[in-house]
Amino acid sequence: MDYRKAHEIGINLANYFKGFQVLVATHTDREYIIHNHLIINSVNFKNGKKFNKSKNDMQKVKDYSDRLCEEVGLRIIEKKEYQVASKKRTK
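Procedures and definitions
Residues numbered from 1 in each chain as written. Predicted model: local features only at pLDDT ≥ 70, side-chain atom pairs only at ≥ 80, totals over all residues. Heavy atoms only, no water. Salt bridge = Lys/Arg side-chain N within 4 Å of Asp/Glu carboxyl O. Helix = DSSP H or I, 4+ residues; strand = E, 2+ residues; numbered from the N terminus. Buried < 20%, exposed > 50% of the residue type's maximum accessible area, 1.4 Å probe, protein only. Pairing = 2+ DSSP bridges. Phe/Tyr/Trp six-rings, centres within 6.5 Å; stacked < 30°, edge-to-face > 60°. Expected span 1.5 Å × (residues − 1). Arc of directions from axis to C-beta. Contact = heavy atoms within 4.5 Å. Polar contact = N/O pair within 3.5 Å; in protein donor to acceptor, adjacent residues only side chain to side chain.

1. Focus on the pattern of salt bridges
Oppositely charged side chains can pair when the atoms bearing their charge come close. Tallied over the entire structure, the rule returns two salt bridges. For Glu8, the salt bridge identified is with Lys5, shortest N-O distance 3.5 Å. Highlighted residues: Glu8 and Lys5, both in helix H1 (residues 3–14), separated by three residues, approximately one helical turn. Relative accessible area serves as the criterion here: at 41%, Glu8 is assigned to the partly exposed category.

If you want it as C-alpha cells, here you go:
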C-alpha cells in the first residue's frame with residue numbers, strides 16, 4: 001500500500017463523523033507501517049452536540065474502518081494478533 005491509498009482510506013473514515021471536523025494525518029513510524037491518525041473535534045459544528053465515544057460507538061468506528069480496508073483488499077489484524085506483533089517489535 002502506498003501513502004495516497006492509505007490517506008484515501010483515512011479520508012473515507014473521516015467522512016463517518018458527519019458534522020465533525022476531522023484532521024487526517026498519514027505517516028509511517030517504521031519504513032513498512034503506513035497508517036493514519038484521526039484527530040476529531042468533539043463538538044459537531046452543525047448541531048453543537050458532543051461526540052459520544054462509548055465502547056459501542058468506538059466498535060462501530062472500528063468495524064467501519066475494517067470494512068474500508070477490506071474493500072481495498074487489506075487484511076484486518078485482530079486485536080490479539082496486533083498485541084503479539086507489538087510485543088515482538090519492542091523486544
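2. What to know about the pairing of strand S2 (residues 34–40)
As defined by bridge partners, strand S1 (residues 22–28) adjoins S2 across seven bridges and the pair is classed as antiparallel. Opposite Val22, over in S2, you have Ile40 as the bridge partner. Between S1 and the antiparallel strand that follows it, S2, lie five residues.

3. Thoughts on the packing of aromatic side chains
Taken as a whole, this structure holds four aromatic pairs when the rule is applied. Aromatic side chains Tyr16 and Phe17 sit 5.2 Å apart centroid to centroid with 80° between the ring planes, which places their arrangement in the edge-to-face category. Among the aromatic side chains, those forming a connected cluster through ring pairs are Tyr16, Phe17, Phe20, Phe51 and Tyr64.

4. Observations regarding H1
Counted at 1.5 Å a residue, the expected span for H1 with its twelve residues is 16 Å, and the 16 Å between its end C-alpha atoms agrees. Among all positions of H1, only Ala6, Ile9, Gly10, Leu13 and Ala14 are buried. On an axial view of H1, the arc spanned by its buried residues comes to 145°, and they lie on one face. The inward-facing, buried residues of H1 abut S1, S2 and helix H2 (55–71). Capping the start of H1, Asp2 holds a side-chain oxygen 3.3 Å from the backbone nitrogen of Arg4, two or three residues further along.

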